[in-house]
Amino acid sequence: LVSAFVPLYIEWSNQSSAQDASSHTTWLIYFTTIFFMVLTLVCFFLSPIIIQFIGYGFGPKEKQLGITLERLLILLLFIDGAGIFFRGMLHARKMFFHLYVAPIFVNITIIFFLYFDMGLGIYLLVWGFLIGTLFKTIYMAIALHREGLHFGTTLPFDPPKMKALWLLAIPMLGSQLIANSNVMVDMVMATILPTGSVSILRYALRINALPIQVVITAISRAIFPFISEVAAVGNQEKLKMIYKYSLILLGFLTIPITCLIILLSEDIVIILLKR
């Protein structure tokens, strides 16, 4: 949704004004909040079926814990979904400081809960995620409000604008489902392996994802609104130039990082997980 929204927001701003673009975005915020609320409720009631499928190899005790945790964590879908276009507006407006500071609230809240242990066990992490995500969404809303977003709409609901968003988003949704299904299959298979296999696989995936998020995702997000602006005005030559030099930059950064991770993989795991 964010990837589909950013170029559309820039197009709306260029065609009319930033105020009109914000008005259309407000309608999107209203509708997605309702959509994710309904989806959260559906997933809440379907949690036993979801955990039965994902936790294929778990015993009854682990499955029951999974259902309980899922029913709490599914609230993330509503909290994060309600603020998804806040993230999109920060991205489109190139407010990168706020875009990258906001997720820190999740980490800070989790660390705070763990430091002041209240005997809640794994539920400390759950409540840390939920409350931290709420703080993240509130922070993004405040940052945008200070930049002039008033969460009101001066324009009537425009169905073609909503249709344009979904026409862009649905193909991306399909590609994301395909990409993430590989990870899901691995996790399901790991549940029938010895205890700890799911955690080991999850840790390995997170460690491998770290350089991708720090380097590739950061650069891609920073470049994306500039590419969208150039594409909106039809400047093909500048678009090719940005794309070419972006690939060269990513190559210079990712090839050495890949080599270092291969050479130092054991040391990285020891530092992060075997203290």
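Parameters at a glance
- Residues numbered from 1 in each chain as written.
- Predicted model: local features only at pLDDT ≥ 70, side-chain atom pairs only at ≥ 80, totals over all residues.
- Heavy atoms only, no water.
- Helix = DSSP H or I, 4+ residues; strand = E, 2+ residues; numbered from the N terminus.
- Buried < 20%, exposed > 50% of the residue type's maximum accessible area, 1.4 Å probe, protein only.
- Contact = heavy atoms within 4.5 Å.
- Areas by Shrake-Rupley, 256 points an atom, 1.4 Å probe, with all protein chains shown as cover.
- Lys, Arg positive; Asp, Glu negative; His and termini not counted.
- Charge placed at Lys NZ, Arg CZ, Asp CG, Glu CD.
- Axes fitted to C-alpha atoms, helices over the stretch in contact; angles between N-to-C directions.
- Parallel < 35°, antiparallel > 145°, perpendicular 65-115°, else oblique.
- Left-handed = near helix turned anticlockwise from the far one by under 90°.
- Nonpolar A, V, L, I, M, F, W, Y, C, P; charged D, E, K, R; others polar.
- Phe/Tyr/Trp six-rings, centres within 6.5 Å; stacked < 30°, edge-to-face > 60°.
- Core = buried A, V, L, I, M, F, W, Y, C linked by side-chain atoms within 4.5 Å.

It is worth spelling out the overall build of the chain at this point. Helices and strands together make up the secondary structure of the chain, namely 12 helices and 0 strands. Along the chain direction, N to C, the helices and strands of the chain fall in the order α-α-α-α-α-α-α-α-α-α-α-α. Across its three principal axes, the chain shows a C-alpha extent of roughly 60 × 45 × 35 Å. Counting the 275 residues in the chain, one finds 31% classified as buried. Across the chain, every contact between residues at least 6 apart in sequence was considered, and the portion connecting residues at least 24 apart equals 74%. In the form shown here, the chain has an accessible surface area of approximately 17,100 Å², with 72% of it arising from carbon and sulfur atoms. Counting 18 positive and 13 negative side-chain charges, the chain places the centres of these two groups 0 Å from one another.

Right, let's get into the packing of helix α1 (residues 2-15) against helix α5 (residues 84-92). Two packed helices can be described by the angle between their axes and the distance between those axes. Viewed as axis vectors pointing N to C, α1 and α5 meet at an angle of 50 degrees, and their least axial separation amounts to 9 Å. As far as their axial angle goes, α5 and α1 are oblique. In this structure, α1 meets α5 at a crossing whose hand is right-handed. Facing α1, whose interface residues are V2, F5, V6, Y9 and I10, α5 presents I84, F85, R87, G88, M89, H91 and A92. Each residue belonging to the contact of α1 with α5 can be placed in one class, and the counts come to 9 nonpolar, 2 polar and 1 charged.

Even without being a glycine, K94 presents a positive backbone phi close to 60 degrees. The class of K94 is partly exposed, set by a relative accessible area of 26%.

Before going further, it helps to examine the packing of aromatic side chains. Per the counting criterion, the structure on display carries 14 aromatic pairs. When the centroid spacing of 5.5 Å and the interplanar angle of 45 degrees are considered together, the rings of F5 and Y9 count as tilted. Of this pair, F5 and Y9 both sit in helix α1, separated by 4 residues, roughly a single helical turn. We note that F5, like Y9, is buried. With a centroid separation of 6.3 Å and 75 degrees between ring planes, the pair formed by F5 and W12 is classed as edge-to-face. Here F5 falls in the buried class, since its relative accessible area comes to 0%. Residue W12 is classed as buried on the basis of its relative accessible area of 2%.

A few words now on the nonpolar core. Taken as a class, soluble globular proteins show a tendency for nonpolar side chains to be buried jointly. The biggest cluster of nonpolar side chains holds 30 residues, and the ones touching the most others in it are F5, L28, F85, L144 and L165. Elements with a minimum of two residues in this core: α1, α2 (18-54), α5, α8 (123-146) and α9 (159-190). Residue contributions to this core peak at 8 residues, all from α1. Discounting residues that sit within four places of it in the chain, F85 has contacts with L1, F5, T25, L28, I29, T32 and L165. By size, the runner-up hydrophobic cluster in this structure holds 6 residues, among which are V215, I219, V230 and L250.

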